[in-house]
Amino acid sequence: MKLFIPNMLANADAGFWFPPQGSTVAEHSDSVYFFILYVCTFFFVLIVSLMVLFMVKYRHRPGVEAEKTSTHNLTLELSWSVIPTLLTIVMFWVGFTGYIDMRTPPSDSYDINVIAKKWSWAFQYPNGWIESELHIPKGENVTLTMASDDVIHSLWVPAFRTKMDVVPGRYTQEWFKATRAGEYPLMCAEYCGQKHSNMISKVIVHETRGDFDKWLQQASDIHKNKSPVEAGEYFYKSRGCIQCHSLDGTPKNGPSFKGLYGKDEKMTDGSTVKVDDNYLRESILEPQASIVAGFRPIMPTFKGQLTDQDISAIIAFIKAQK
């Protein structure tokens, strides 16, 4: 919803202040911002100019007596009381209606579930497919229902002017309608730990609903289109494993996958475990069950987020890292 602000003040490119508008929320948000900005700028310039003018005109000069001026002017007093009051009412009304609109998802929305965890995003579509990037169709209402597996995160899409906290133990929602096809940055706006700055993804807006449906169908058939190792590599990159497990032997927040399969690992409880299919499966579904010595127990569980076929593909990928 656009306000009565001229297009030059809140156009689709938004100019110097903001990135290009990518949603209907951005149109409304920018309109309100520029309305308040220009009202404040007008009165700031007016008041400061009058102050300077009066300072110069009525300054003390030797031999010049102070002018006698009136002490009361009803018209002026009504003007500087009524006009700001009316402007404040307008600001409140457009802000309030805009906020209510942002907080009320339309009933005809396309629903996508979001799981945030250190330090990746997982977007789950109605057919069950999970992707690390958010794909949506242009011109369609989309509602995100979000939850966190660990700490507080905040999903922020600057081009859409939307930001919502993602809190452990509860669901939060935000909705938008994309107005431009293209790719837009998506990031976490709440400090969530050591790798917070790496919790970056993107929104991909498809031109038509047909394009979006075609992408979703192809993405969902990953096990038909790729070998197990290729599919495992996809999950390694898209589910956040890459943040903590290197492929070159360098230890990060977790052991490197290079040469890991078949290796004997010493656990924090003093026991030794051979890295095989069962251990890897347990580490993915119950990551706190056995912690490798020297590493912290920070890995989140992927139970309910990966199928048996997905896990087998990941194991095949780890086996291939020799």
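Reading guide: rules and limits
Residues numbered from 1 in each chain as written. Predicted model: local features only at pLDDT ≥ 70, side-chain atom pairs only at ≥ 80, totals over all residues. Heavy atoms only, no water. Helix = DSSP H or I, 4+ residues; strand = E, 2+ residues; numbered from the N terminus. Polar contact = N/O pair within 3.5 Å; in protein donor to acceptor, adjacent residues only side chain to side chain. Salt bridge = Lys/Arg side-chain N within 4 Å of Asp/Glu carboxyl O. Buried < 20%, exposed > 50% of the residue type's maximum accessible area, 1.4 Å probe, protein only. Phe/Tyr/Trp six-rings, centres within 6.5 Å; stacked < 30°, edge-to-face > 60°. Pairing = 2+ DSSP bridges. Axes fitted to C-alpha atoms, helices over the stretch in contact; angles between N-to-C directions. Parallel < 35°, antiparallel > 145°, perpendicular 65-115°, else oblique. Contact = heavy atoms within 4.5 Å. Nonpolar A, V, L, I, M, F, W, Y, C, P; charged D, E, K, R; others polar. Disulfide = S-S within 2.5 Å. Expected span 1.5 Å × (residues − 1). Arc of directions from axis to C-beta.

Checked against the element boundaries, Thr145 lands in strand β5 (residues 141–148). Side-chain polar atoms of Thr145 contact the side chain of Gln173, separated by 3.1 Å.

Inspection of every chain in the model, using the stated rule, returns 12 salt bridges. The residue Asp264 makes a salt bridge to Lys274 at a minimum N-O spacing of 3.5 Å. With Asp264 in strand β11 (residues 264–266) and Lys274 in strand β12 (residues 272–274), this residue pair connects regions lying 10 residues apart in the sequence. A residue is classified by how much of its surface remains accessible, and Asp264, at 49% relative accessible area, is partly exposed. For the salt bridge of Lys319 with Asp277, the shortest nitrogen-to-oxygen distance reads 3.5 Å. Of the two residues, Lys319 sits in helix α7 (residues 308–319) while Asp277 sits in helix α6 (residues 277–285), which places them 42 residues apart along the sequence. Assessed through its relative accessible area of 31%, Asp277 is described here as partly exposed. The network of salt bridges with common partners includes Glu133, Glu183 and Lys202.

It is worth spelling out the packing of aromatic side chains at this point. All chains considered together, the criterion is met by 19 aromatic pairs. The interplanar angle of 50 degrees and the centroid separation of 6.1 Å between the aromatic rings of Tyr125 and Phe212 together place this pair among those described as tilted. Of this pair, Tyr125 sits in the loop between β2 (120–124) and β3 (130–131) while Phe212 sits in helix α3 (residues 209–220), placing them 87 residues apart in sequence. Across the pair, exposure class does not vary: Tyr125 and Phe212 are buried alike. Every member of this aromatic cluster is reached through a ring pair, and the members are Phe18, Tyr33, Phe34 and Tyr38.

Looking now at the sheet that holds strand β1 (residues 110–117). An order of β3-β2-β1-β5-β8 is seen for the five strands of this open sheet, with the pairing classed as mixed. Every other strand in the sheet has two partners, leaving β3 and β8 (172–177) as the edge strands with one partner each. Strand direction decides the pairing type here: β1 and β2, joined by five bridges, are antiparallel. Residue Lys117 lies in a different strand from β2, and its bridge partner there is Ser120.

Before going further, it helps to examine the packing of helix α5 (residues 228–238) against α7. For the pair α5 and α7, interaxial distance at closest approach is 7 Å and the crossing angle is 100 degrees. As far as their axial angle goes, α7 and α5 are roughly perpendicular. Together, Pro228, Val229, Ala231, Gly232, Glu233, Phe235 and Tyr236 of α5 and Asp310, Ala313, Ile314, Ala316 and Phe317 of α7 make up the contact between the two elements. Residue composition of the contact of α5 with α7, by class: nine nonpolar, one polar and two charged.

Along α6, the positions that sit buried rather than exposed are Tyr279, Leu280, Ser283, Ile284 and Leu285. N-cap assignment for α6: the residue whose side-chain oxygen lies 3.3 Å from the backbone N of Asn278 is Asp276.

Right, let's get into the state of the cysteines. One pass over the full model with this rule turns up zero disulfides. In this structure Cys188 is a free cysteine whose sulfur lies 4.0 Å from that of Cys192, the closest cysteine sulfur available. On the basis of relative accessibility, which here comes to 6%, the residue Cys188 falls in the buried class. Residue classification places Cys192 among the buried positions, given a relative accessible area of 5%.

Residue placement: Val292 occurs in the loop between α6 and α7. Taking the C-alpha atoms as reference points, Val292 and Thr272, 20 residues apart in sequence, are found 9.1 Å from one another. Sequence-distant contacts of Val292, defined by excluding residues within four places in its chain, comprise Pro255, Glu265, Lys266, Met267, Thr268 and Tyr279.

This part takes up α3. Here α3 spans 16 Å end to end across 12 residues, near enough to the 16 Å set by a 1.5 Å rise per residue. Within α3, burial applies to Phe212, Trp215, Leu216 and Ala219. End-on view of α3: buried residues confined to an arc of 100 degrees, all on one side of the axis. Among the exposed residues of α3, those oriented more than 90 degrees off its buried face are Lys214 and Gln217. Tucked inside the fold, the buried residues of α3 contact β1, β3, β4 (134–137), β10 (200–206) and α4 (222–225).

Attention now goes to the sheet that holds β10. The strand order β4-β10-β9-β6-β7 describes an open sheet built from five strands, whose pairing is mixed. For this open sheet the edge positions go to β4 and β7 (162–166), each flanked by a neighbour on one side alone. Averaged over neighbouring strand pairs, the angle between their axes works out to 20 degrees when direction is ignored. The pairing of β4 with β10 spans four bridges and is classified as parallel.

So, about the side chain of Glu131. On the secondary structure map, Glu131 appears in strand β3. A polar atom in the side chain of Glu131 sits 2.3 Å from the side chain of Tyr234. Those residues within four positions of Glu131 in sequence are excluded, and the remaining contacts are Trp121, Ala122, Phe123, Tyr125, Trp215 and Tyr234.

Any functional reading would require information beyond the geometric quantities listed.
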